[in-house]
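Here are the chains, one letter per residue:
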Amino acid sequence: MSKERARRRAEREAERERLAAARAERDARAARRRELRDRLVGPVRAAVLPRPARPVRVARQRGYLARRRRTENGVAVTLWFLVQALAWILFESWMARLGVFLGSILLLPVLVTIVFDRRS
(Lines give C-alpha, C1' and ligand atoms only; values in the text may rest on other atoms or scores of the structure.)
Protein backbone atom coordinates (compact mmCIF):
# COMPACT_ATOMS: atom_id res chain seq x y z
CA MET A 1 0.00 0.00 0.00
CA SER A 2 2.77 2.48 0.85
CA LYS A 3 4.49 1.80 -2.50
CA GLU A 4 1.26 2.72 -4.30
CA ARG A 5 0.95 5.95 -2.28
CA ALA A 6 4.58 6.80 -2.95
CA ARG A 7 4.07 6.21 -6.67
CA ARG A 8 0.96 8.44 -6.72
CA ARG A 9 2.77 11.13 -4.71
CA ALA A 10 5.66 11.02 -7.18
CA GLU A 11 3.19 11.35 -10.07
CA ARG A 12 1.50 14.34 -8.39
CA GLU A 13 4.84 16.02 -7.74
CA ALA A 14 5.97 15.40 -11.33
CA GLU A 15 2.71 16.91 -12.60
CA ARG A 16 3.12 19.89 -10.25
CA GLU A 17 6.69 20.44 -11.49
CA ARG A 18 5.56 20.19 -15.11
CA LEU A 19 2.84 22.80 -14.51
CA ALA A 20 5.29 25.07 -12.69
CA ALA A 21 7.76 24.81 -15.59
CA ALA A 22 5.00 25.62 -18.09
CA ARG A 23 3.89 28.60 -15.98
CA ALA A 24 7.48 29.85 -15.70
CA GLU A 25 7.94 29.56 -19.48
CA ARG A 26 4.67 31.45 -20.07
CA ASP A 27 5.70 34.19 -17.63
CA ALA A 28 9.15 34.47 -19.24
CA ARG A 29 7.60 34.75 -22.69
CA ALA A 30 5.21 37.46 -21.46
CA ALA A 31 8.12 39.33 -19.86
CA ARG A 32 10.06 39.18 -23.14
CA ARG A 33 7.05 40.52 -25.02
CA ARG A 34 6.60 43.36 -22.52
CA GLU A 35 10.29 44.22 -22.73
CA LEU A 36 10.22 44.28 -26.53
CA ARG A 37 7.07 46.39 -26.55
CA ASP A 38 8.54 48.83 -24.06
CA ARG A 39 11.71 49.13 -26.12
CA LEU A 40 9.73 49.79 -29.29
CA VAL A 41 7.09 52.12 -27.88
CA GLY A 42 8.99 53.54 -24.96
CA PRO A 43 7.58 55.67 -22.18
CA VAL A 44 5.23 57.44 -24.60
CA ARG A 45 2.74 54.61 -24.42
CA ALA A 46 2.43 54.75 -20.66
CA ALA A 47 2.19 58.53 -20.60
CA VAL A 48 -0.11 59.21 -23.54
CA LEU A 49 -1.92 56.19 -24.86
CA PRO A 50 -4.54 54.53 -22.70
CA ARG A 51 -4.41 50.80 -22.29
CA PRO A 52 -7.07 49.18 -24.49
CA ALA A 53 -9.93 47.71 -22.56
CA ARG A 54 -10.62 44.02 -22.83
CA PRO A 55 -13.54 43.34 -25.14
CA VAL A 56 -16.64 42.37 -23.25
CA ARG A 57 -18.82 39.79 -24.88
CA VAL A 58 -22.46 40.44 -24.22
CA ALA A 59 -24.47 37.30 -24.59
CA ARG A 60 -27.91 37.47 -26.11
CA GLN A 61 -30.76 36.28 -24.00
CA ARG A 62 -32.17 33.02 -25.17
CA GLY A 63 -35.54 31.42 -24.80
CA TYR A 64 -39.01 31.81 -26.13
CA LEU A 65 -39.80 35.20 -24.58
CA ALA A 66 -36.53 36.79 -25.72
CA ARG A 67 -36.96 35.46 -29.25
CA ARG A 68 -40.56 36.73 -29.29
CA ARG A 69 -39.49 40.19 -28.06
CA ARG A 70 -36.77 40.41 -30.74
CA THR A 71 -39.28 39.44 -33.40
CA GLU A 72 -41.82 42.00 -32.18
CA ASN A 73 -39.18 44.74 -32.06
CA GLY A 74 -38.01 43.85 -35.56
CA VAL A 75 -41.56 43.97 -36.93
CA ALA A 76 -42.24 47.31 -35.23
CA VAL A 77 -39.03 48.92 -36.51
CA THR A 78 -39.56 47.57 -40.02
CA LEU A 79 -43.12 48.91 -40.18
CA TRP A 80 -41.96 52.27 -38.80
CA PHE A 81 -39.33 52.55 -41.53
CA LEU A 82 -41.90 51.57 -44.18
CA VAL A 83 -44.25 54.32 -42.96
CA GLN A 84 -41.39 56.82 -43.13
CA ALA A 85 -40.44 55.70 -46.64
CA LEU A 86 -44.04 55.98 -47.83
CA ALA A 87 -44.33 59.44 -46.30
CA TRP A 88 -41.19 60.57 -48.14
CA ILE A 89 -42.47 59.11 -51.40
CA LEU A 90 -46.09 60.32 -51.19
CA PHE A 91 -45.74 63.77 -49.61
CA GLU A 92 -43.92 66.68 -51.18
CA SER A 93 -44.34 68.99 -48.21
CA TRP A 94 -41.71 68.98 -45.51
CA MET A 95 -44.35 69.78 -42.93
CA ALA A 96 -46.33 66.68 -43.87
CA ARG A 97 -43.20 64.54 -43.68
CA LEU A 98 -42.35 66.03 -40.29
CA GLY A 99 -45.92 65.46 -39.12
CA VAL A 100 -45.77 61.80 -40.13
CA PHE A 101 -42.39 61.44 -38.44
CA LEU A 102 -43.53 62.97 -35.14
CA GLY A 103 -46.88 61.17 -35.24
CA SER A 104 -45.25 57.81 -35.86
CA ILE A 105 -42.79 58.38 -33.02
CA LEU A 106 -45.64 59.22 -30.66
CA LEU A 107 -47.94 56.44 -31.83
CA LEU A 108 -45.36 53.65 -32.01
CA PRO A 109 -45.37 52.80 -28.27
CA VAL A 110 -49.17 52.90 -28.18
CA LEU A 111 -49.53 50.60 -31.17
CA VAL A 112 -46.87 48.21 -29.85
CA THR A 113 -48.74 48.03 -26.54
CA ILE A 114 -52.06 47.36 -28.25
CA VAL A 115 -50.84 44.91 -30.89
CA PHE A 116 -48.22 43.00 -28.91
CA ASP A 117 -50.08 42.83 -25.60
CA ARG A 118 -48.85 39.77 -23.70
CA ARG A 119 -51.64 39.61 -21.14
CA SER A 120 -54.13 37.92 -23.42
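Residues numbered from 1 in each chain as written. Predicted model: local features only at pLDDT ≥ 70, side-chain atom pairs only at ≥ 80, totals over all residues. Heavy atoms only, no water.

Undergrad: Looking at this model, I keep getting lost on the layout of surface pockets. Mind explaining?
TA: Regions of empty space are outlined by a rolling probe, equal in size to a water molecule, passed over the atoms. Approximately 220 Å³ is the volume attributed to the largest pocket. Val75, Ala76, Leu79, Trp80, Val83, Ser104, Leu107, Leu108, Leu111, Val112, Val115 and Phe116 are the residues that line the largest pocket. A per-element tally of the lining of the largest pocket places helix 4 (residues 94–115) first, with six residues. When grouped by side-chain class, the residues that make up the lining of the largest pocket number eleven nonpolar, one polar and no charged. (1 Å grid on protein atoms, 1.4 Å probe; cavity = no way out; pocket = protein on both sides within 12 Å on 5 of 7 lines; lining within 4 Å. Points joined across faces, edges and corners; volume = space filled by probe spheres on them. Helix = DSSP H or I, 4+ residues; strand = E, 2+ residues; numbered from the N terminus. Nonpolar A, V, L, I, M, F, W, Y, C, P; charged D, E, K, R; others polar.)

Undergrad: Can you walk me through the packing of helix 3 (residues 64–90) against helix 4 in this structure?
TA: Packed helices, taken two at a time, are described by the angle their axes make and the gap between the axes. Closest axis-to-axis distance for the helix 3/helix 4 pair is 10 Å, and the angle between their directions is 160°. Classed by the angle they form, the pair helix 3 and helix 4 counts as roughly antiparallel. Judged by the twist between their axes, the crossing of helix 3 over helix 4 is right-handed. Here helix 3 contributes Ala76, Trp80, Val83, Gln84, Ala87 and Trp88 to the contact with helix 4, which in turn contributes Trp94, Arg97, Val100, Phe101, Ser104, Ile105, Leu108 and Val112. Split into classes, the residues belonging to the contact of helix 3 with helix 4 amount to eleven nonpolar, two polar and one charged. (Axes fitted to C-alpha atoms, helices over the stretch in contact; angles between N-to-C directions. Parallel < 35°, antiparallel > 145°, perpendicular 65-115°, else oblique. Left-handed = near helix turned anticlockwise from the far one by under 90°. Contact = heavy atoms within 4.5 Å.)

Undergrad: Explain the pattern of salt bridges to me, please; I cannot follow it from the model alone.
TA: Pairing between side chains of opposite charge can happen when the charged atoms of each approach one another. This model, assessed by the stated rule, comprises six salt bridges. Residue Arg32 is joined to Glu25 by a salt bridge in which the shortest nitrogen-to-oxygen separation is 3.7 Å. The exposure class of Glu25 is partly exposed, given its relative accessible area of 40%. Connected via shared salt-bridge partners are Glu4, Arg7, Arg8 and Glu11. (Salt bridge = Lys/Arg side-chain N within 4 Å of Asp/Glu carboxyl O. Buried < 20%, exposed > 50% of the residue type's maximum accessible area, 1.4 Å probe, protein only.)

Undergrad: How should a positive patch on the surface be read in this particular structure?
TA: A cluster of basic side chains, namely Arg23, Arg26, Arg29, Arg33 and Arg34, defines a positive patch on the protein surface. By the secondary structure assignment, Arg34 is in helix 1 (residues 2–41). (Patch = residues over 30% accessible without salt bridge, like charges linked within 9 Å, V, L, I, M, F, W, Y side chains within 5 Å. Areas by Shrake-Rupley, 256 points an atom, 1.4 Å probe, with all protein chains shown as cover. Lys, Arg positive; Asp, Glu negative; His and termini not counted. Charge placed at Lys NZ, Arg CZ, Asp CG, Glu CD.)

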